[in-house]
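# Chains, contacts and geometry: an overview
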Amino acid sequence: GAARVRRVGAQLAAAGPVARAQFLLPAVGLRGSGTAPRRSRNVKDFGIASMNNVALVTVATQQQISASDTEYGALKTAYVYPVSVDNKARYCASHGCKLVVGGEASEASGRSSRWNKVAWLRREFKSHDWLVWMDLDALFLRPDKYLMSSLDPSFDLHVTYDFGSTMKVNTGLFVLRTSSWSWWFLEQVWLHNDFGEAKSDQNSINHVLSTMPTRTLRAHVKVYPREIFNAFPRVNFTSVEDYEQPELPGDEVANTEVIHFAGQYGGARGHDGQTPPVMLLQFYDLMLEHHLRFLDRLEAYAATRSDGHPDGDTSTSATGAIDIDAGGRLRPLATVRATLA
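Computed from a predicted model, the values in this text were never measured in an experiment.

## A look at a negative patch on the surface
On the surface, E241, D242, E244 and E247 cluster together into a patch of negative charge. Here E241 lies in the loop between α7 (226-229) and β8 (258-260).

Structure follows, in structure tokens:
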């Protein structure tokens, strides 16, 4: 009714300059498997769910992997998790959200490790009002900016387009409101299983979205500026071991909030997705540079807050390694900075 129109209008006005473009994905009259639920008349499904019960979900494992491992992104993942999880834990400590660090999910057995993403989102779904998924090779850059404050809570799925595309999304970072529609969406993605190939969750997410009617997309899905919330870095790697520079320069800008070192932007070869050792070192150096920049900003941000301390606590559920001490608290910032430097 009129009250809801005014309420949503106020939410949109408060969202600032975030782009409000809607999906233009082609509709083919199908919805994958099953039928999407209609919006029910409850508080959650009208987009007024609490923005405080938020979990940031990622997956990290400690397994040591050889340079010849054939799993896409496996070598890179095995080396970046200490820095990545430290970055995410400090961000969550600053903004009061829960960090969930998942490991290998038994229900994803027989699928590529990328499907741990969907498995952990399904596991955590009923425990939170909002789920933020973030790949391990993505980092926060702006601790003074809270991602959730930029979202329009009347939508269920919050995404960015893939780099160089205005048709497909990149799943390095996306946000789900835990509504009935979002659960239906995750189930369709899980059942699709990359056309039965069990390889890429991103392929399945894009397939399910592309087979939805346009009216469904416009009612449930919101697209945000990639250069702010899922930017690719501007790289200048030395090309060795059959690595080829990406065709497009990265789109990182001064006010980028999340940086994503995906594919060739993280040192991987374009033809097989592998990250050779020398390229891994170059990528790792660039990642450390960005995390140190985050730590500098975190220290400055903490100085403006009432507690004045950058080493806040965070609620963390972790099955992988995380940069916290035995008591469950983040290690002192100075200690981490010295280690990384």
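## A short note on the side chain of D137
Counting through the fold element by element, D137 comes out in the loop between β3 (130-134) and β4 (138-140). Discounting chain neighbours no more than four positions away, the residues touching D137 are K76, I259, H260, F261 and A262.

## Thoughts on the pattern of salt bridges
Scanning the model with the defined rule gives eleven salt bridges in all. Residue E107 is joined to R123 by a salt bridge in which the shortest nitrogen-to-oxygen separation is 2.8 Å. Of this pair, E107 sits in the loop between β2 (98-102) and α3 (116-124) while R123 sits in helix α3, and the two are 16 residues apart along the sequence. Across the salt bridge formed by D135 and K117, the nearest N and O atoms sit 3.4 Å from each other. Of this pair, D135 sits in the loop between β3 and β4 while K117 sits in helix α3, and the two are 18 residues apart along the sequence. Considered together, D135 and K117 belong to a single accessibility category, that of buried residues. Ionic contacts of the salt-bridge type, sharing partners, join the residues K117, D135 and D201 into one network.

## Things to note about the side chain of S200
In this structure, S200 sits in the loop between α4 (180-192) and α5 (201-210). At 3.0 Å, the side chain of S200 and the backbone nitrogen of N203 are in polar contact. Beyond its immediate sequence surroundings of up to four residues, S200 is in contact with R114, W115 and D194.

Quick notes on the rules
Residues numbered from 1 in each chain as written. Predicted model: local features only at pLDDT ≥ 70, side-chain atom pairs only at ≥ 80, totals over all residues. Heavy atoms only, no water. Patch = residues over 30% accessible without salt bridge, like charges linked within 9 Å, V, L, I, M, F, W, Y side chains within 5 Å. Areas by Shrake-Rupley, 256 points an atom, 1.4 Å probe, with all protein chains shown as cover. Salt bridge = Lys/Arg side-chain N within 4 Å of Asp/Glu carboxyl O. Lys, Arg positive; Asp, Glu negative; His and termini not counted. Charge placed at Lys NZ, Arg CZ, Asp CG, Glu CD. Helix = DSSP H or I, 4+ residues; strand = E, 2+ residues; numbered from the N terminus. Contact = heavy atoms within 4.5 Å. Buried < 20%, exposed > 50% of the residue type's maximum accessible area, 1.4 Å probe, protein only. Polar contact = N/O pair within 3.5 Å; in protein donor to acceptor, adjacent residues only side chain to side chain.

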